[in-house]
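# Remarks on the overall topology
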Amino acid sequence: MQDCLERQLVFKGLESSIPKRNSSFYFQATGQRIGTILNSCSTVVIALSTSFYFEWRVTLVALCFSPLIIIAFYLEQKIIAKETQGHYKSLQNSTKIAVEAINGIRTLASLGSESTFHKRYMDEIVPYQKLAQRNTHFRGLVYGLSRSLMFYAYAASLYFGAQLIRKEGLEYSKVFI
């Protein structure tokens, strides 16, 4: 009997400690984020099932673009994250220099070393600025690609649907809802 009670107490202790250890996981899996994910998934499922019901061939044409769209959005997010991280480090170092100069402004002015701090500040900012200017064209290309692929998918689907209507004599309401 005593052994059974001890097992129950140990089990209850473990049970109560599990949510405490994984509370950050539970917090991340609830709230607005989970709502957004469920909303997106349900939208995709409803849209695909409806489009497969009416004309499956047009749906397959549109689905051919989905891997490209996903890859383009992923690349865009990676580029933005990389650029933001570099910008943050550069700004952090240059801000340290600026704060140092502002805190010792009287000493700086009396020694006449404003140009030294200005040079240090610019040496910290300019390399990042040049790198950002160099990557601007690639960033613009990826951004334009990720934003335009949806319209290419629409155009291909509409063109293929129009060909089905013209060549196979399908009803307009069956192809385009």
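Let me sum up the structure you'll find in this document. Predicted model, so just to flag it, every value in this text is computed and none were measured.

Right, let's get into the packing of helix α3 (residues 32–54) against helix α4 (residues 56–63). When two helices pack together, their arrangement is given by the angle between their axes and by how far apart the axes lie. Where α3 contacts α4, the axes come no closer than 6 Å and their chain directions differ by 135°. Put simply, α3 runs oblique to α4. Of the residues in α4, those touching α3 at Leu48, Ser51, Phe52 and Phe54 are Trp56, Thr59, Leu60 and Leu63. A per-class count over the contact of α3 with α4 returns six nonpolar, two polar and no charged.

We now examine the nonpolar core. In terms of nonpolar packing, the biggest core is built from five residues, these being Phe65, Ile69, Ala72, Leu149 and Ala153. If sequence neighbours within four positions are ignored, Phe65 has contacts with Leu149, Tyr152, Ala153 and Ala156.

Following the sequence through the fold, Thr95 ends up in helix α5 (residues 66–103). Sequence separation between Thr95 and Ile125 is 30 residues; the distance between their C-alpha atoms is 9.8 Å.

Quick look at the packing of aromatic side chains now. Two measures describe an aromatic ring pair: the distance that separates the ring centres and the angle between the ring planes. In total, this model carries two aromatic pairs according to the counting rule given. Taking 5.1 Å as the distance between ring centres and 80° as the angle between the ring planes, the aromatic pair formed by Tyr53 and Phe54 counts as edge-to-face. Taking the relative accessible area as the measure of exposure, Phe54 reaches 29% and is therefore partly exposed. Ring plane angle 75° and centroid distance 6.0 Å describe the contact between Phe151 and Tyr154, whose orientation is recorded as edge-to-face. Pair noted here: Phe151 and Tyr154 are both in helix α8 (residues 136–168), with a separation of three residues, about one helical turn.

This paragraph deals with helix α7 (residues 114–134). The terminal C-alpha atoms of α7, which comprises 21 residues, lie 30 Å apart, in line with the 30 Å expected from a rise of 1.5 Å per residue. Along its length, α7 shows its largest kink, about 25°, at Ile125, and proline Pro127 lies within four residues downstream of that point. Taken together, the buried positions of α7 are occupied by Phe117, Ile125, Tyr128 and Ala132.

A contiguous nonpolar surface patch, about 360 Å² in accessible area, is contributed by Phe52, Trp56, Leu60 and Leu63. A per-element tally of the nonpolar patch places α4 first, with three residues. Along the chain, Leu63 falls in helix α4.

Here we come to the side chain of Glu76. Inspection of the secondary structure puts Glu76 in helix α5. Exposure remark for Glu76: the relative accessible area of 4% places this residue in the buried category. Ignoring sequence-local partners within four residues, the contact set of Glu76 consists of Val142, Tyr143, Ser146 and Arg147.

This part takes up the side chain of Ser94. Tracing the backbone through its elements, the reader meets Ser94 in helix α5. Here Ser94 falls in the buried class, since its relative accessible area comes to 1%. Discounting residues that sit within four places of it in the chain, Ser94 has contacts with Tyr121, Glu124 and Ile125.

The next thing to look at is the pattern of salt bridges. Overall, the coordinates contain five salt bridges when judged by the stated rule. For the salt bridge of Arg147 with Glu76, the shortest nitrogen-to-oxygen distance reads 3.1 Å. Separated by 71 residues along the polypeptide, Arg147 in helix α8 and Glu76 in helix α5 bring together distant segments of the chain. The partner of Asp123 in a salt bridge is Lys119, and the shortest N-O contact between them spans 3.0 Å. Linking Asp123 with Lys119, this pair stays in helix α7, spanning four residues, or about one helical turn. Judged by its relative accessible area of 45%, Asp123 is partly exposed. Ionic contacts of the salt-bridge type, sharing partners, join the residues Glu55, Arg57 and Glu168 into one network.

Quick notes on the rules
- Residues numbered from 1 in each chain as written.
- Predicted model: local features only at pLDDT ≥ 70, side-chain atom pairs only at ≥ 80, totals over all residues.
- Heavy atoms only, no water.
- Axes fitted to C-alpha atoms, helices over the stretch in contact; angles between N-to-C directions.
- Helix = DSSP H or I, 4+ residues; strand = E, 2+ residues; numbered from the N terminus.
- Parallel < 35°, antiparallel > 145°, perpendicular 65-115°, else oblique.
- Contact = heavy atoms within 4.5 Å.
- Nonpolar A, V, L, I, M, F, W, Y, C, P; charged D, E, K, R; others polar.
- Core = buried A, V, L, I, M, F, W, Y, C linked by side-chain atoms within 4.5 Å.
- Buried < 20%, exposed > 50% of the residue type's maximum accessible area, 1.4 Å probe, protein only.
- Phe/Tyr/Trp six-rings, centres within 6.5 Å; stacked < 30°, edge-to-face > 60°.
- Expected span 1.5 Å × (residues − 1).
- Bend = angle between axes of the 7 residues up to and from the residue.
- Patch = residues over 30% accessible without salt bridge, like charges linked within 9 Å, V, L, I, M, F, W, Y side chains within 5 Å.
- Areas by Shrake-Rupley, 256 points an atom, 1.4 Å probe, with all protein chains shown as cover.
- Salt bridge = Lys/Arg side-chain N within 4 Å of Asp/Glu carboxyl O.

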